[in-house]
Amino acid sequence: MEQTVAKQSKPLLMMKALLAAYLATGIMLLLLALLLYKTGLGENQVNLGILIIYIVSCFLGGFYLGKKVGNQRYLWGMALGIGYAVLLTAVTFLTEHQISADFKEMAVTYFLCFLGGALGGMLS
C-alpha cells in the first residue's frame, strides 16, 4: 500500500494539492461574499478576509501535500505556496490583461502564501 503512494509522482501530488487549495479558496470566498452581503463589511475587512483566505488555503494545501510526500514537507509546502501565488497572478493577468496590484501588495501576497504553505507542510 505504501509503495502505491510512494510511486505517485510529486508533480501530480502538487497539482492535487493546488486543486484542493483552490477549492478551499472558492468555498471561503463564497462565505466571505455571504458575510459581505449580510453585514456590509468595509473594504479593509474584505481585503483582510482575502489575505486570510490565501493563508488558510495555502496552509491546507501544504498540509495535504506534506502528508502525501512524507519527507522535506516544509519545502514542498513552500513550493505549493509559491505555486499558488504564481497561478493566482497568472489568472489575474489573463482575466485583466495587466497586473493591477503594486509591487508591495504582490510581495505581501507571495510572502503570505509562501509562509502558509510552509507552515502547513511543517505541521503535517
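What you see is a predicted model, and the numbers here were worked out from it, not measured in a lab.

**Describing the UniProt feature "transmembrane region" (unreviewed entry) in the protein**
And then number 1: The sites that carry the UniProt feature "transmembrane region" (unreviewed entry) are, in the present numbering, residues 12–36, 48–66, 73–94 and 106–123.
And then number 2: Spanning residues 12–36, this segment combines 100% helix with 0% strand, and its end C-alpha atoms are found 36 Å apart.

**Structural notes on the environment of G26**
And then number 1: Of note, G26 is situated in helix 2 (residues 10–39).
And then number 2: The partly exposed category is assigned to G26, whose relative accessible area is 31%.
And then number 3: Along the backbone, G26 and M14 are 12 residues apart, and their C-alpha atoms lie at a distance of 18 Å.

**Comments concerning the nonpolar core**
And then number 1: Counting 14 residues, the largest nonpolar core has M14, L18, Y54, L65, L80, Y84 and C113 as its most contacted members.
And then number 2: Going through the elements one at a time, helix 2, helix 3 (43–69) and helix 4 (73–96) are the ones with two or more residues in this core.
And then number 3: The greatest single-element share of this core, amounting to five residues, is contributed by helix 2.
And then number 4: Non-local contacts of M14, meaning those with residues more than four positions away in its chain, are made with L65, W76, A79 and L80.

**A word on the state of the cysteines**
Between two cysteines, a covalent bond joining their sulfur atoms is known as a disulfide.
And then number 1: Tallied over the entire structure, the rule returns zero disulfides.
And then number 2: C58 takes part in no disulfide bond, and the closest cysteine sulfur to it belongs to C113, at a distance of 3.7 Å.
And then number 3: Classification of C113 as buried rests on a relative accessible area of 0%.

What counts and what doesn't
Residues numbered from 1 in each chain as written. Predicted model: local features only at pLDDT ≥ 70, side-chain atom pairs only at ≥ 80, totals over all residues. Heavy atoms only, no water. UniProt positions renumbered as here; feature names shortened; annotations may be inferred. Helix = DSSP H or I, 4+ residues; strand = E, 2+ residues; numbered from the N terminus. Buried < 20%, exposed > 50% of the residue type's maximum accessible area, 1.4 Å probe, protein only. Core = buried A, V, L, I, M, F, W, Y, C linked by side-chain atoms within 4.5 Å. Contact = heavy atoms within 4.5 Å. Disulfide = S-S within 2.5 Å.

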